[in-house]
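# Commentary on secondary and tertiary structure
Now for the letters of each chain:
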Amino acid sequence: AYDTVIRYLKARQQADSLSYSQQYKLAFSYLKEAQYKPASAAFQVLPVQEDSLGQQVAYHLAEAYVQLKANAKARNLFEFASSLSFDTAIQEQAAFRYAKLSYDEGYQKTAKARLQAFIQKYPESAYIDEAQNLLGDLLLNTKNYQQALSIIEQVPDMNTKMQKAYQQIAYQ
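Rules used throughout
- Residue positions are given per chain, counting from 1 as you read along its sequence in written order.
- At least 70 in pLDDT is required for a residue's local features to be given in this predicted model, at least 80 for side-chain atom pairs to be given and counted, and no such filter applies to totals for whole chains, interfaces and linings, which use all residues.
- To get the side-chain values, take all heavy atoms of the structure and skip hydrogens and water.
- Only buried residues count toward a nonpolar core. Its members are Ala, Val, Leu, Ile, Met, Phe, Trp, Tyr and Cys residues joined through side-chain atoms within 4.5 Å.
- Residue burial is assigned from relative accessible area. The probe radius is 1.4 Å, only protein chains are included, and a residue is buried under 20% of its type maximum, exposed over 50%, and partly exposed in between.
- Secondary structure elements follow DSSP: runs of H or I no shorter than four residues count as helices, runs of E no shorter than two count as strands, and numbering proceeds from the N terminus.
- It only takes one pair of heavy atoms within 4.5 Å for two residues to be counted as in contact.
- Within 6.5 Å between ring centres, the rings of Phe, Tyr and Trp (the latter by its six-membered ring) count as paired, and their orientation is classed by plane angle as stacked under 30 degrees, edge-to-face over 60, tilted in between.

Ranked by internal contacts, the top residues of the largest apolar core, which has 29 residues, are F43, A74 and F78. At 8 residues, helix α4 (residues 52–67) tops the list of elements feeding residues into this core. The residues touching A74, leaving out its near neighbours within four places in the chain, are A62, Y65, V66 and L101. Counting 22 residues, the second-largest nonpolar core is a separate cluster that includes I119, A131, I151 and M162.

With that settled, the discussion passes to the packing of aromatic side chains. This model, assessed by the stated rule, comprises 7 aromatic pairs. Ring geometry for Y24 and F43: centres 5.9 Å apart, planes at 65°, overall edge-to-face. Highlighted residues: Y24 in helix α2 (residues 20–32) and F43 in helix α3 (residues 36–44), separated in sequence by 19 residues. Taken as a pair, Y24 and F43 share a single burial class, namely buried. A ring pair is formed by F118 and Y122, whose centres lie 5.0 Å apart and whose planes are at 40°; its orientation type is tilted. Of the two residues, F118 and Y122, neither departs from the other in class, the shared state being buried. Among the aromatic residues, those joined into a ring-pair cluster are Y2, Y24, F28 and F43.

Spelled out as structure tokens, the structure:
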């Protein structure tokens, strides 16, 4: 279905310019068809504003950038999308992905703060186990064991890996 949308909108684009909505549909269709370079190019035409569509554009452009290994750009866009509350599902996903990219890219201080905030704000999230695992890994590598313990003690419903991290840190 997305390939049909792409063909239609590309033909229309050659004859005339696309509306904002049509440009978004073209970019989103490229993304769903795993055509990340055209998706990123199509999303880049759209302004990223502090509104509902801007939040979606930022999130989906970040998804394309992750696939293109442009993690710094993706990280910034995930942060922006997580700061807006128009679509709370996108806000949650963007918050997690920003924290995870911060972890993956070595921004440990930011990753620790964002993972803590994520765990507190979204205790029922589908990403909660992975967030706890990442935070546990960060805290195991810290030398500030008191701070690590106080952070872990604030985590509601610790998973097995977080409990193990707690035990290892407590006996340091």
